[in-house]
Amino acid sequence: MATVEELKLRIRELENELIKCKQKQCAVEDALQRPKIDIMSAEVVDSNPYSRLMALKRMGIVDDYEKIRTFTVAVVGVGGVGSVTAEMLTRCGIGKLLLFDYDKVELANMNRLFFQPHQAGLSKVEAAEHTLRNINPDVSFETHNYNITTMENFTHFMDRISHGGLEEGKPVDLVLSCVDNFEARMAINTACNELGQIWVESGVSENAVSGHIQLINPGETACFACAPPLVVAANIDEKTLKREGVCAASLPTTMGVVAGILVQNVLKYLLKFGTVSYYLGYNAMQDFFPTMAMKANPQCNDRYCRKQQEEYKKKVAEQPKVEVVKVEEEVVHEDNEWGIELVSEVTEAELQAATGTVPDLPEGITVAYTIPAEVKESGETVEETEQSLEDLMAQMRKL
Amino acid sequence: MTDEATRRTVSQIPLLKTHAGPRDRALWPQRLKEEYQALIRFVEQNKAADNDWFRLESNADGTRWTGTCWFIHELLRYEFHLEFDIPVTYPDTAPEVAVPELDGKTSKMYRGGKICLTEHFAPLWARNAPRFGLAHLMALGLGPWLAVEVPDLISKGLVVHKERQREASE
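Owing to the predicted nature of the structure, the values given are computational and were not obtained by experimental measurement. (Residues numbered from 1 in each chain as written. Chains lettered and ligands numbered in written order. Predicted model: local features only at pLDDT ≥ 70, side-chain atom pairs only at ≥ 80, totals over all residues. Heavy atoms only, no water.)

Asks: Looking at this structure, how should I read the overall build of chain A?
Replies: Counting its regular elements, chain A contains 10 helices and 10 strands. When contacts within chain A are restricted to residue pairs at least 6 apart in sequence, those whose partners lie at least 24 apart make up 66%. (Helix = DSSP H or I, 4+ residues; strand = E, 2+ residues; numbered from the N terminus. Contact = heavy atoms within 4.5 Å.)

In structure tokens form, the structure reads like this:
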């Protein structure tokens, strides 16, 4: 058996070898990486990475494509949707990207796009930055490897949203939610309502056959807490949906489509072309894309949402009369068999007691669940206590 | 949704009154006191019913919780470490409970050992926010999860009783 000294020596040898390998790899990468480009050129030559994008100007689609370099976008969640979103924005030549994710790359992610097997074990933000920097060195990157929903990280997250722009100290232009859980979405919603930050929520259903994007302008449109989560009706009977032994399914196709419609909406919003969607759903089973717009809920639970609504009202009142542009499109579909199965495996009584009103939504979109308007105070509540928190903690420990 | 026994247990857990999350410096300590009161009551009830199955404690500011939970299967006791953070959006959203040592052993789990709750849990929590607390999370989230997953993991040999493991290695 090797002695500790021998093992130490061996570790040092391996460390040196690793450094050499890294240096060699860096040298290769530097040689392969193109130099930074100061000014986007419209010249159509093989060596110009922006020629086809700048052609959008010549074709009259976008007025000022170069403006993309002045924008900063934060991508929260660098998974199946977020990584592809970041890649698209990088290839489009966005000014700065902020990436947030606490996860590591795993082989189980390989059914999705972007990450490669050799990156397994690396943090998603680190792996993504490396790949993206190689694709386009003109983009600035800032990565944060943490969970935004915990106390100290959330404070930092809010700070970076409000100060992490291309010009340090300025807010980012847009926040994109590409997370896979309700807690993180609510955390982004909380932050954006407090900061008055416009953001776009995106999601793919757990059965992988529907998805959506939703533009949220605090005070103007419904925030994520204004209504129960919206879902695209997949038109699948819940009873036939087998959930045994799995949490979530995913498809690279659905995630790619959702990332595509997300970034398309971002480009339209930032570069001012076409019609920006407030909500766009994707039902992969029937190839159906419902759209709608939803106003903020005056009774929203989030007090910052209500505050932003007041401010928005003031702003609108101050503005000269402008017709509110209606982006809502009446979707006409031949069959009308969107079963609104809200909750299954629930007794009738439970369902009745727990069902609230379903907001007026276009065909193909529904809410994940409803909340009864008036919650009856049933059951006893905790009593007033003389005990201090420390007493209670000690009591709990003694049990 | 849940079986009659769970329903009865839950109805005995006192509901919470203070709507405050960890970012609310003024009201969070009050909420935290209520959390402890409800938890203490729930554990006492479990003990009285000879169904004591978990312990929890928090750091001083109540944002990080750790503890143990155990499950009796064929007269053997299986114990697991559990942990979770209070998200900034609590109590509007429930914390994500993790049982790290079972990570990778069941597909009913997200990365890091976070348990995958049934589709009924989120609506149930949303409808009862902010009156549901951590005791409810234990009773309606972790409890039913353990009851389904642990026997299955044992039958597959993925969870082995500690003493038997020792015997096997000797």
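Asks: Is there a simple way to think about the interface of chain B and chain A in this case?
Replies: It is common to report an interface's size as the accessible area lost on association of the parts. The partner chain A presents 51 residues to the 52 residues of chain B that form the contact. Carbon and sulfur atoms make up 57% of the surface buried where chain B meets chain A, a total of about 4,700 Å² over both sides. Three residues stand out in chain B for area buried against chain A, namely Arg-23, Arg-111 and Arg-127 of chain B, and they jointly supply 16% of the buried area on that side. Arg-397 of chain A is the partner of Glu-57 of chain B in a salt bridge, and the nearest nitrogen-oxygen pair spans 3.1 Å. Counting only elements with at least two residues in the side of chain B that touches chain A, the list comes to helix H1 (4-12), helix H2 (28-48), strand E1 (54-58), strand E4 (109-110) and helix H3 (121-128) of chain B. Counting residues per element, the side of chain B that touches chain A draws most heavily on H2 of chain B, which supplies 12 residues. (Buried area = accessible area lost by both parts, 1.4 Å probe. Salt bridge = Lys/Arg side-chain N within 4 Å of Asp/Glu carboxyl O.)

Asks: Sorry if this is basic, but what is going on with the UniProt feature "active site" (unreviewed entry) in chain B here?
Replies: In the numbering adopted here, UniProt assigns the feature "active site" (unreviewed entry) to Cys-116 of chain B. Tracing the backbone through its elements, the reader meets Cys-116 of chain B in the loop between strand E5 (114-115) and H3. Once residues within four sequence positions are removed from consideration, Cys-116 of chain B is found in contact with Cys-247 of chain A together with Lys-108, Met-109, Tyr-110 and Trp-145 of chain B. (UniProt positions renumbered as here; feature names shortened; annotations may be inferred.)

Asks: Would you explain helix H5 (residues 151-163) of chain A in this entry?
Replies: Every α-helix winds through 3.6 residues per turn, so residues three or four apart in the chain are directed the same way. Under the 1.5 Å per step criterion, the end-to-end length of H5 of chain A is 19 Å for 13 residues, consistent within 8% with the ideal 18 Å. In this structure, the buried side of H5 of chain A is in contact with strand E1 (72-76), strand E2 (96-100), strand E3 (140-144), strand E4 (174-177) and helix H6 (182-195) of chain A. (Expected span 1.5 Å × (residues − 1).)

Asks: What is the right way to look at the layout of surface pockets in this model?
Replies: Gaps between atoms show up when a probe of the same size as a water molecule is rolled over them. Considered as a void within the structure, the second largest pocket measures approximately 1,500 Å³ in volume. Lining the second largest pocket are 49 residues, and of these Cys-300, Asn-301 and Asp-302 of chain A together with His-19 and Asp-92 of chain B sit closest to its centre. For the lining of the second largest pocket, the elements supplying multiple residues, two or more each, are H6 and helix H8 (303-318) of chain A together with H3 of chain B. If one sorts the elements of the lining of the second largest pocket by residue count, H6 of chain A sits on top with 5 residues. For the lining of the second largest pocket, the residue count by class is 29 nonpolar, 10 polar and 10 charged. (1 Å grid on protein atoms, 1.4 Å probe; cavity = no way out; pocket = protein on both sides within 12 Å on 5 of 7 lines; lining within 4 Å. Points joined across faces, edges and corners; volume = space filled by probe spheres on them. Nonpolar A, V, L, I, M, F, W, Y, C, P; charged D, E, K, R; others polar.)

Asks: Just checking my understanding: could you explain the packing of aromatic side chains for this structure?
Replies: Aromatic ring pairs: the centre-centre distance and the angle between the two ring planes describe each pair. Counting across every chain of the model gives 14 aromatic pairs over all chains. Taking the centre distance of 5.0 Å and the plane angle of 20 degrees together, the rings of Tyr-282 of chain A and Phe-289 of chain A count as stacked. Exposure remark for Tyr-282 of chain A: the relative accessible area of 10% places this residue in the buried category. Through pairs of rings, three or more aromatic residues link up here, namely Trp-28, Tyr-90, Phe-121, Trp-125 and Phe-132 of chain B. Directly above the ring of Trp-70 of chain B sits Arg-77 of chain B, whose terminal nitrogen or CZ lies 4.3 Å from the centroid. (Phe/Tyr/Trp six-rings, centres within 6.5 Å; stacked < 30°, edge-to-face > 60°. Buried < 20%, exposed > 50% of the residue type's maximum accessible area, 1.4 Å probe, protein only. Lys NZ or Arg CZ within 6 Å of the ring centre and 35° of its normal.)

Asks: I would appreciate a short explanation of the sheet that holds strand E5 (residues 199-204) of chain A in the present structure.
Replies: In any sheet, the strands associate via hydrogen bonds between backbone groups, in a parallel or an antiparallel arrangement. All names here are of chain A. An order of E3-E2-E1-E4-E5-E6-E8-E9 is seen for the 8 strands of this open sheet, with the pairing classed as mixed. The sheet terminates laterally at E3 and strand E9 (291-292), the two strands that pair on one side only. Taken together, the 2 bridges between strand E8 (residues 279-283) and E9 define a ladder with antiparallel strand orientation. Residue pairing in the sheet places Tyr-279 in a bridge with Met-292 of E9. (Pairing = 2+ DSSP bridges.)

Asks: Explain the environment of Ala-129 of chain B to me, please; I cannot follow it from the model alone.
Replies: All names here are of chain B. Checked against the element boundaries, Ala-129 lands in the loop between H3 and helix H4 (134-155). Among the residues examined, Ala-129 registers a relative accessible area of 22% and is labelled partly exposed. Taking C-alpha positions, Ala-129 is 18 Å from Thr-118, a pair spaced 11 residues apart along the chain. Once you skip the residues sitting within four places of it in the chain, Ala-129 turns out to touch Pro-91 and Asp-92.

Asks: I'm lost on empty space enclosed by the protein in this one. Help?
Replies: Residues and elements named next belong to chain A. Across all of its chains, the model carries 3 cavities of 30 Å³ or more by this definition. There is about 60 Å³ of room inside the largest cavity. What lines the largest cavity is simply Gln-214, Ala-222, Cys-223, Phe-224, Ala-227, Pro-228, Pro-229, Leu-230 and Met-294. Of the residues in the lining of the largest cavity, the class split is 8 nonpolar, 1 polar and no charged.

Asks: How should the sheet that holds E1 of chain B be read in this particular structure?
Replies: All names here are of chain B. In space, the 3 strands of this open sheet follow the order E1-E2-E3, with antiparallel pairing throughout. Of all the strands in the sheet, just E1 and strand E3 (76-85) have a single pairing partner and so form its edges. Across this sheet, the average inter-strand angle for adjacent strands is 15 degrees, counted without regard to direction. Alignment of strand E2 (residues 64-73) against E3, held across 10 bridges, turns out to be antiparallel. What sits directly across from Trp-65, in E3, is Phe-84. (Axes fitted to C-alpha atoms, helices over the stretch in contact; angles between N-to-C directions.)

Asks: Looking at this structure, I do not really get unusual backbone geometry. What am I missing?
Replies: Keep in mind that most residues, glycine aside, have a negative phi and that most peptide bonds are trans. Residue and element names in this part refer to chain B. The residue after Tyr-90, namely Pro-91, is reached through a cis peptide bond having omega 0 degrees. Here Pro-91 shows up in the loop between E3 and E4. Even without being glycine, Asp-50 reaches a positive phi, approximately 55 degrees. Structurally, Asp-50 is set in the loop between H2 and E1. A positive phi angle, close to 50 degrees, is found at Glu-74, a residue other than glycine.

Asks: I'm lost on the nonpolar core in this one. Help?
Replies: Side chains of a nonpolar character, in soluble globular proteins, are inclined to be buried together. Of all hydrophobic cores here, the largest spans 53 residues; its most connected members are Phe-84, Met-138 and Leu-142 of chain B. Examining the composition of this core, we find that 12 residues originate from one element, H4 of chain B, more than from any other. Leave out the neighbours within four places in its chain, and Met-138 of chain B touches Phe-42, Trp-53, Phe-54, Leu-56, Leu-82, Phe-84, Val-97, Gly-143 and Pro-144 of chain B. Residues Val-200, Met-255, Val-258 and Ala-259 of chain A belong to the second largest nonpolar core, which totals 48 residues. (Core = buried A, V, L, I, M, F, W, Y, C linked by side-chain atoms within 4.5 Å.)

Asks: Any chance you could explain the environment of Arg-303 of chain A here in plain terms?
Replies: Here Arg-303 of chain A shows up in helix H8. The class for Arg-303 of chain A is exposed, based on a relative accessible area of 55%.

Asks: It is not clear to me how the packing of helix H3 (residues 82-91) of chain A against helix H7 (residues 252-271) of chain A should be interpreted in this structure. Could you clarify?
Replies: Packed helix pairs are characterised by how far apart their axes lie and by the angle those axes make with each other. Residues and elements named next belong to chain A. Packing of H3 against H7 leaves a shortest axis separation of 9 Å and a crossing angle of 40 degrees. Here H3 is positioned oblique relative to H7, judged by the angle of their axes. Between H3 and H7 lies a crossing of right-handed hand. On H7, the residues touching Val-84, Thr-85, Met-88 and Leu-89 of H3 are Ala-259, Gly-260, Leu-262, Val-263 and Val-266. Here the residues of the contact of H3 with H7 sort into 7 nonpolar, 2 polar and no charged. (Parallel < 35°, antiparallel > 145°, perpendicular 65-115°, else oblique. Left-handed = near helix turned anticlockwise from the far one by under 90°.)

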